[in-house]
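# Coordinates in review
Here is how the chains run, residue by residue.
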Amino acid sequence: MILRIICAMMGWLLGTASSFARDYRVDTQAKFEFISSIELKPGDTILLKRGMRFSGMLSPKGNGVEGSPIRIGAFGQGGRPRIDANGKHLAAVLLKNPSYWEIHGLEVTNTNGRDEDQGQLFGIYVLATGKEGTYRHVYINQCFVHDVNGMVAGKRRGGIHVHVEKLKKTIFDDLRITNNHVKNIGGVGIGNSSSCGQVKLLATSEELKYLWTNVYVAGNKVDYTGRNNVIARASKDAVYEHNVLANSSRRDTGHSIFCFNTSGIKIQYNEAYGNVGEKNNRDGGGESDRGGFDADYNCVDTFIQYNYSHDNLWFCGIMKKPTRNVVIRYNVSQNDREGIYFYGFERNKSAENVHIYNNTHYVRKGLEVSVFAEGRTPLNSTFENNVFFFEGKGKWGRNARGINTVFRNNLYFNIEPHSSESHPVESHPRLMRPGLAGKDIDLKTMAALEGYRPGAGSPCIDTGIPIKNNGDMDFLKTPVDEGKPGIGAFEPVESNPN
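Cut-offs and rules
Residues numbered from 1 in each chain as written. Predicted model: local features only at pLDDT ≥ 70, side-chain atom pairs only at ≥ 80, totals over all residues. Heavy atoms only, no water. Phe/Tyr/Trp six-rings, centres within 6.5 Å; stacked < 30°, edge-to-face > 60°. Helix = DSSP H or I, 4+ residues; strand = E, 2+ residues; numbered from the N terminus. Buried < 20%, exposed > 50% of the residue type's maximum accessible area, 1.4 Å probe, protein only. Lys NZ or Arg CZ within 6 Å of the ring centre and 35° of its normal.

## Remarks on the packing of aromatic side chains
Applying the stated rule across the entire model yields 29 aromatic pairs. The interplanar angle of 5° and the centroid separation of 5.4 Å between the aromatic rings of tyrosine 306 and tyrosine 330 together place this pair among those described as stacked. Residue tyrosine 306 is located in the loop between β30 (299-305) and β31 (308-310), and its partner tyrosine 330 is located in the loop between β33 (323-329) and β34 (332-334); the two are separated by 24 residues in the primary sequence. In this structure, tyrosine 306 and tyrosine 330 share a single accessibility class: buried. An angle of 80° between the planes, with centres 6.1 Å apart, marks the rings of tyrosine 330 and tyrosine 357 as edge-to-face. Remark: tyrosine 357 occurs in strand β36 (residues 351-357) and tyrosine 330 occurs in the loop between β33 and β34; sequence separation between them is 27 residues. By relative accessible area, tyrosine 330 is classed as buried at 2%. Tyrosine 357 gets classed as buried once you look at its relative accessible area, which sits at 2%. A network of ring pairs unites the aromatic residues Tyr269, Tyr306, Tyr330, Tyr357, Tyr362, Phe389, Phe413, Tyr452, Phe475 and Phe490 as a single cluster. The ring of tyrosine 269 is capped by lysine 477, whose NZ or CZ atom sits 5.2 Å from the centre of that ring.

Next comes the structure, spelled out in structure tokens:
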């Protein structure tokens, strides 16, 4: 009898078949529940019917192989198939110890509908535990993940997460989280963590242990989260780009995106805005960690470049616990509300070689903004070729002199040059149309930021000092003249002939 039931269920699920791979078509709740009980093979596909809603957790088993991943997707007409875990399951979709899996085009939720803390919940959760190794080729693409938990804090729960837990020698390789919409998330929108991935800074070198490889997080919109929008951990040469990071940290402080235990990460071509907190989430101790971007500690060779920050409390954080070789270049900060740079862990002095150059900072009239937020002390930092453009009166902050901090060849308007400045340019920058970039811009072209290019007669044109390994191009991918670069994040369309 049991065998006949299983065979009947397989008949319901099976759409097309070959001797090597099968399509499992899921169009009833019974089939949805049954699919998690079978062992899938390389090349198999789970297809959920569009326009349908399923309840519970999808937790399929098995692994693909190179060239034949297992795929989860949709079939039929209508909207994305939706999975509601209802706050009763760890995740709406759970992949455990997976290799060669692809998830595409689902809608998932995981909440009981109330705003209080419902526990460790995820929308899509990828977990490696109990078995050491390298887990390869996990792709999550074009999913709508929303309403997970109440609007609560926590860093290791939330929308789309990939974790290594209780393992000592395990990594993920070829992880791609792309083109997803993640909204109304308790915890962190997109995150990863590892029990064994680590960066340790030695006196003249670094010790890198079990860092993930080929990590690519791009094209996602993450909006309204209890904690950070995105956390990037435990990776080597990861790329996080073309993401919209909006309205993060509604229930606890946290920068919109930060890196930790990373080597060579590139955080680029992202837009971050709305990290200001809720009125009932402010305390007398300040609003620490409320910027768009953050170069956190235990990292080496961090690049924060070609990003657009606006309407956060500040643009960028730099942590002063051990971190080395931070490059912040070709970014635009527009109307960040209380500061521009925030140096975290005020009593620490371990950050090394922070190079901040060719950024454009614009502050409209009516905002009371300090360059160094919350009176923090810059450390071991060099500022070159930056534009500090205040329409009203700018301020530096009470500890702006800093420790081993040097300013060279920066442009200042409506703010006095930094006390260490060796070659100030005190002039109106004559940018084309500053302050009008708006929000939710096209991150592939960044054309909305064209107004920050220097206009005719701008003192920014060809007046920068040369910087080695300068990235070769400006914010809008115009080549940078190595001998006569400009000041700010943008080269002119045509450099001065003289």
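## Some remarks on unusual backbone geometry
If you check the backbone angles, glutamine 142 has positive phi at about 55° while not being a glycine. One can find glutamine 142 in the loop between β13 (134-141) and β14 (144-148).

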